[in-house]
Structures are given as C-alpha cells and as structure tokens.
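Structure assessment
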Amino acid sequence: MRYVNLSNVLVYRLVSCKVEVRFPDYQSLVNAKLMLPHEVKRLEAEESKTPHESTWVPILWALKLLAKARNDQRIKLEAAIFGQIQNAFEDIERSNRKILNYGWINFPLAYTQVATFSVLLYFFSCLFGRQYLIPNMDTMDTQSFPNLTDISFATKGPFKPHTPDFYVPFFTTFEIFAYYGWIKVAETLLNPFGDDDTDFQVNYLIDRNLQVKVKNLLYFLI
C-alpha cells in the first residue's frame, strides 16, 4: 500500500501544483513516511538512466515484493487470486497513466481567449442585429404608407413583422448566460488539478489514501 500511495503522489506532483508545493522533493516524501532513504537512492538511480518520468517504479517494487513473498511462501495464494492481485496493481498503473496523459498537453491559452472574444463579439452584434425596426419619419414614403406617420411602431406592412411584441430579450439573455457558462466550465476543465475551489482536492485524496493504508495495516495486525 505504501508503494501504491507513493506512485500516486509522484503522479500528482507532475500534474498538481498544490501537491508539488506539499512535496517539493524526495526528502519531503521521506518525512511523510512514503519513502525510505535507501529507496530515494534507488529512485534517483533509475531516473538518471532515463529522461522520462519514473512514477511506475514504486508499482514495480510492489509487484516484485509480492512475487518474492509468494516464492518464499510467506503468503499462500492460489494462482488465480495472485493474478487478480497483480491485475489490481496494473489497473492502478493504468489509472496513473491516464492522469499523466491528461495533464501532459494542455489547451493553449489562446484557445480560451479566442472563444471568449468570439462569444462576446457575437452578442455585441446581437445587441444591434436583434433590435426591432422603427420607421424613420424623415425618409419614409408617406404617400405609400400614410398611416405610419403618426405612430412609433408600425401596425401595418412593411414594418409590422418588425414591431416588438415583447420588450425584454429573453432568448438572447438565456443564450449569453448559457454560452458564457460553458466557457467558464471549459476554463475549469483545462486544469482540474489547479488551485481553484472547483478543482479536485488532491491533498484530501492523498490524506484519505494514507488513512486507509494505516487502517488496513492495523486490521491485518489485529
């Protein structure tokens, strides 16, 4: 369980600035009792061999430790059950890989800027384009439309279809709230592991996993 939690924390450090502040280096992981001093050296040696991330190493340690315990007959498990336990560790590694892949490449900042500008420009155009037409008393042909010279809104053609039947733009107001709300949701989804209140509480997840590990350990000892 400790190796699983260590792998999760190493993954969260790469995608969440909050976790990186909490665990800035390997010594902080040792102080949190997630690593042992000799494991730090092993992990640093592994990282020196490859330029890529090494969050999978603790999972590999856990699988080797599990296989060694079964070979030494410290634990007695049937082959099917042992295979299920190994698959559980592999599922954790695949889940960590999904998190890394999601946080690997973010949308460019210009994407949100262009989307916001386009929506605001669209509704600025709607402010003028969706207004009703009022006959111009100076330029209107009064001979063709003699009844439209003494009213502000037309009751006959050709301006009748443009005469307002309501004065509050309900649909336009709903649209601007909907579009702008979708933009805010998209901005939040760009980095769900950030510092906003709507982002994932990653530190809470880490504390919860550590607490579950301790309770499971006490359960097996009792």
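The subject of this paragraph is the overall build of the protein chain. Counting its regular elements, the protein chain contains nine helices and zero strands. Going from the N terminus to the C terminus, the protein chain shows its helices and strands as α-α-α-α-α-α-α-α-α. In the protein chain, the proportion of contacts linking residues at least 24 apart, taken out of those at least 6 apart, comes to 58%. In the form shown here, the protein chain has an accessible surface area of approximately 15,900 Å², with 62% of it arising from carbon and sulfur atoms.

Tracing the backbone shows Ser-28 in helix 3 (residues 26–31). A distance of 2.4 Å separates a polar side-chain atom of Ser-28 from the backbone oxygen of Asp-25.

Glancing now at the nonpolar core. Counting residues in each nonpolar core, the largest one holds 30 residues, and the members touching the most others are Leu-29, Met-35 and Ile-206. For this core, the secondary-structure elements that each account for two or more residues are helix 1 (2–15), helix 3, helix 4 (37–49), helix 5 (57–71), helix 6 (79–104) and helix 9 (202–221). Here this core takes eight residues from helix 1, the largest share from any one element. With residues near it in sequence (within four places) discarded, Leu-29 still touches Leu-6, Val-9, Leu-10, Phe-23, Leu-34 and Met-35.

Given a rise of 1.5 Å per residue, 13 residues ought to cover 18 Å, and the 19 Å separating the end C-alpha atoms of helix 4 matches this to within 8%. Looking only at helix 4, the buried set comprises Glu-39, Val-40 and Leu-43. The buried residues of helix 4 all sit within an arc of 105° when viewed along its axis, so they share a single face. Relative to its buried face, helix 4 has exposed residues pointing more than 90 degrees away, namely Pro-37, Lys-41, Ser-48 and Lys-49.

With 77% of its residues at a pLDDT of 70 or more, the protein chain has an overall mean of 78. Taking the mean pLDDT of every element in the protein chain, the minimum, 68, falls on helix 9 and the maximum, 90, on helix 3.

Any two side chains of opposite charge can pair, so long as their charged atoms come close to each other. Counted according to the given criterion, the structure contains six salt bridges. With a closest N to O distance of 2.0 Å, Arg-94 and Asp-91 form a salt bridge. With Arg-94 and Asp-91 both in helix 6 and three residues apart, this pair spans about one turn of that helix. We classify Arg-94 as partly exposed; its relative accessible area is 46%. Of the charged contacts, one joins Glu-93 and Arg-97 as a salt bridge, the two residues approaching to 2.6 Å between their closest N and O atoms. Here the residue Glu-93 and the residue Arg-97 both occupy positions in helix 6, the gap between them amounting to four residues, near one helical turn.

Bringing the packing of helix 5 against helix 6 into the picture now. For the pair helix 5 and helix 6, interaxial distance at closest approach is 10 Å and the crossing angle is 170°. When the axis of helix 5 is compared with that of helix 6, the two are roughly antiparallel. Contacts from Ile-59, Ala-62, Leu-63, Leu-66, Ala-67 and Arg-70 of helix 5 reach helix 6 at Ala-79, Phe-82, Ile-85, Gln-86, Phe-89, Ile-92 and Glu-93. By residue class, the composition of the contact of helix 5 with helix 6 is 10 nonpolar, one polar and two charged.

For the structure on display, the rule yields five aromatic pairs. Plain terms: the ring middles of Tyr-122 and Phe-123 are 5.0 Å apart, the flat faces sit at 75° to each other, and that makes the pair edge-to-face. Of the residues examined, Phe-123 reaches a relative accessible area of 8% and is grouped as buried. An aromatic cluster of three or more residues is present, and its members are Tyr-122, Phe-123, Tyr-179 and Trp-182. Lying across the ring of Trp-61, Arg-42 places its NZ or CZ 4.4 Å from the centre. When the ring centre of Phe-82 is taken as origin, the NZ or CZ atom of Arg-70, which lies over that ring, is 4.8 Å away.

Conventions and cut-offs
Residues numbered from 1 in each chain as written. Predicted model: local features only at pLDDT ≥ 70, side-chain atom pairs only at ≥ 80, totals over all residues. Heavy atoms only, no water. Helix = DSSP H or I, 4+ residues; strand = E, 2+ residues; numbered from the N terminus. Contact = heavy atoms within 4.5 Å. Areas by Shrake-Rupley, 256 points an atom, 1.4 Å probe, with all protein chains shown as cover. Polar contact = N/O pair within 3.5 Å; in protein donor to acceptor, adjacent residues only side chain to side chain. Core = buried A, V, L, I, M, F, W, Y, C linked by side-chain atoms within 4.5 Å. Buried < 20%, exposed > 50% of the residue type's maximum accessible area, 1.4 Å probe, protein only. Expected span 1.5 Å × (residues − 1). Arc of directions from axis to C-beta. pLDDT = per-residue confidence, 0-100. Salt bridge = Lys/Arg side-chain N within 4 Å of Asp/Glu carboxyl O. Axes fitted to C-alpha atoms, helices over the stretch in contact; angles between N-to-C directions. Parallel < 35°, antiparallel > 145°, perpendicular 65-115°, else oblique. Nonpolar A, V, L, I, M, F, W, Y, C, P; charged D, E, K, R; others polar. Phe/Tyr/Trp six-rings, centres within 6.5 Å; stacked < 30°, edge-to-face > 60°. Lys NZ or Arg CZ within 6 Å of the ring centre and 35° of its normal.

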